[in-house]
Each structure stands twice: as C-alpha cells, then as structure tokens.
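# Notes for the structure review
For reference, the chains in residue letters:
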Amino acid sequence: MEDTPSMDELEGDLAPETVNLRGTVVDAIEADEVRIYQGGVNRVFAGIVEMDTGGAATIDAETVSLNESVGVVIRADVLDANECGAGVVVAQDMRLTNSRAGIAVAGNANLQDSSTLILLAREVNGDVETVLDTRGAILAGLVAGVAAGLVLLAGGLLTRRRS
C-alpha cells in the first residue's frame, strides 16, 4: 500500500515530483504528477492529474484523466473523463465518455454518451446532448441584448414623459 503524504509533508515541499493521495482530503497540491484514488483536494496545479473515484474543486493541469470523479472547475490542455461530472471545463482537447458537464469550452470536443448544458467548441465529434450549443449561445446572447435594449429604451421614454 502506498504511503499517503500528509498536509504537513506537502507544505514542506512546495513542488514534489509525484503526489499520491489515497483516501485523503487536502487543501492544495502543486506537483509534476498527481494521482488521487478515493480522495479529494481543493486546488490542484500539476503537469499530469489522474483521479479515480475522487473529487476536486479546481484542477489546472496540462493533462487530466478522470474516472468516476467530480471536478468543479477544470482547465487542461488535454482532458479525458470517463463517467464523470464537471461544472466548468476548459480544454484544448476534451474527451468525455458517459459524463456530464455544465459549461464546456474546447478546441476539439469528442463526446460519447455525454451531455453538457452549454458547449462551445471549434470541432465536435460524437453524439452530444446540449441545452445550448455555439449557435444557440450566440442567438441567446442576441435575444438577451435586444431585450435589454428595449427595456432600457422604454425606461428612458417613461422617464422623459414624467419630467
């Protein structure tokens, strides 16, 4: 069984090469590689993050691999998620399999049996269920802008008549 570093050990070494968490929850990790199994972390800054059945509030890494895990905010060059959930995902290359994301922004999005609330991507491969895609987001923005403009115009007209 691998030794799990305590928070005191992590604070002493600001950027260890590899951190392995097993059934542990810590506040922040900065390392070249981070592996989490049935654990959690508030903030992760790393080159490579591998998480299996874990959770993280914020992940900022070059490569992120998630399996049955949850991330609130994930920023990565490459993201591979299998049966995961995420709030906000920003990645150059994103692969979601049986996963859910709130807002997903990607250069290349490969989705299989996955859904997003809002998906903004340059290229999308696979079947994806979105409430709002790129075209829908632009249309919603235009409609919201016109509606706000009309409200402000009507408010200005009403204010002038009272004066």
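Small disclaimer: the values here were computed from a predicted structure and weren't measured.

## Concerning the sheet that holds strand S8 (residues 114-125)
Here we have nine strands laid out as an open sheet, ordered S1-S2-S3-S4-S5-S6-S7-S8-S9, and parallel in their pairing. Strands at the two margins of the open sheet, each flanked by one partner only, are strand S1 (18-22) and strand S9 (128-132). The average angle at which neighbouring strand axes cross in this sheet is 20°, direction not considered. In the sheet, S1 pairs with strand S2 (residues 25-37) via five bridges, with the strands oriented parallel. Bridged to Arg22 within S2 is Tyr37.

## Regarding the side chain of Ser114
Here Ser114 shows up in strand S8. Since its relative accessible area comes to 2%, Ser114 is described here as buried. In terms of polar contacts, Ser114 uses its side chain to reach the backbone amide nitrogen of Ser99, at 3.1 Å. Beyond its immediate chain neighbours, meaning those up to four positions away, Ser114 contacts Leu96, Thr97, Asn98, Ser99, Arg100, Asp127, Val128 and Glu129.

## Things to note about empty space enclosed by the protein
In the structure shown here, the tally under the stated rule is one cavity of 30 Å³ or more. Estimates place the volume of the largest cavity at around 50 Å³. Lining the largest cavity we find Leu66, Ile74, Leu79, Ala81, Cys84, Gly85, Ala86, Val89, Leu96, Ser99, Arg100 and Ala101. For the lining of the largest cavity, the elements supplying multiple residues, two or more each, are strand S5 (70-82), strand S6 (85-97) and strand S7 (100-112). Among the elements that take part in the lining of the largest cavity, S6 stands out by supplying four residues, more than any other.

## A few points about the pattern of salt bridges
If you walk through the whole model with that rule in mind, you get six salt bridges. Where Arg35 meets Glu33, a salt bridge forms, and the shortest distance between an N and an O atom there is 2.7 Å. Measuring nitrogen to oxygen at the nearest pair gives 2.8 Å for the salt bridge that ties Asp93 to Arg95. Connected via shared salt-bridge partners are Glu33, Arg35 and Glu50.

## Some points on the pairing of strand S3 (residues 40-52)
Relative to S3, S2 is paired through 11 bridges, and the arrangement is parallel. In the strand pairing of S3, Val34 is matched with Val49. Note: S3 against strand S4 (residues 55-67), 11 bridges, orientation parallel. Across the sheet, Met51 pairs through a bridge with Leu66, a residue of S4.

## Side note on unusual backbone geometry
Phi at Gln38 takes a positive value of approximately 50°, unusual for a residue other than glycine. Relative to the helices and strands, Gln38 is located in the loop between S2 and S3. Given a relative accessible area of 47%, Gln38 falls into the partly exposed group. In this model, Asp113 sits at a positive phi of 50°, which is unusual for a non-glycine residue. Considering the arrangement of structural elements, one finds Asp113 in the loop between S7 and S8.

Conventions adopted
Residues numbered from 1 in each chain as written. Predicted model: local features only at pLDDT ≥ 70, side-chain atom pairs only at ≥ 80, totals over all residues. Heavy atoms only, no water. Pairing = 2+ DSSP bridges. Helix = DSSP H or I, 4+ residues; strand = E, 2+ residues; numbered from the N terminus. Axes fitted to C-alpha atoms, helices over the stretch in contact; angles between N-to-C directions. Buried < 20%, exposed > 50% of the residue type's maximum accessible area, 1.4 Å probe, protein only. Polar contact = N/O pair within 3.5 Å; in protein donor to acceptor, adjacent residues only side chain to side chain. Contact = heavy atoms within 4.5 Å. 1 Å grid on protein atoms, 1.4 Å probe; cavity = no way out; pocket = protein on both sides within 12 Å on 5 of 7 lines; lining within 4 Å. Points joined across faces, edges and corners; volume = space filled by probe spheres on them. Salt bridge = Lys/Arg side-chain N within 4 Å of Asp/Glu carboxyl O.

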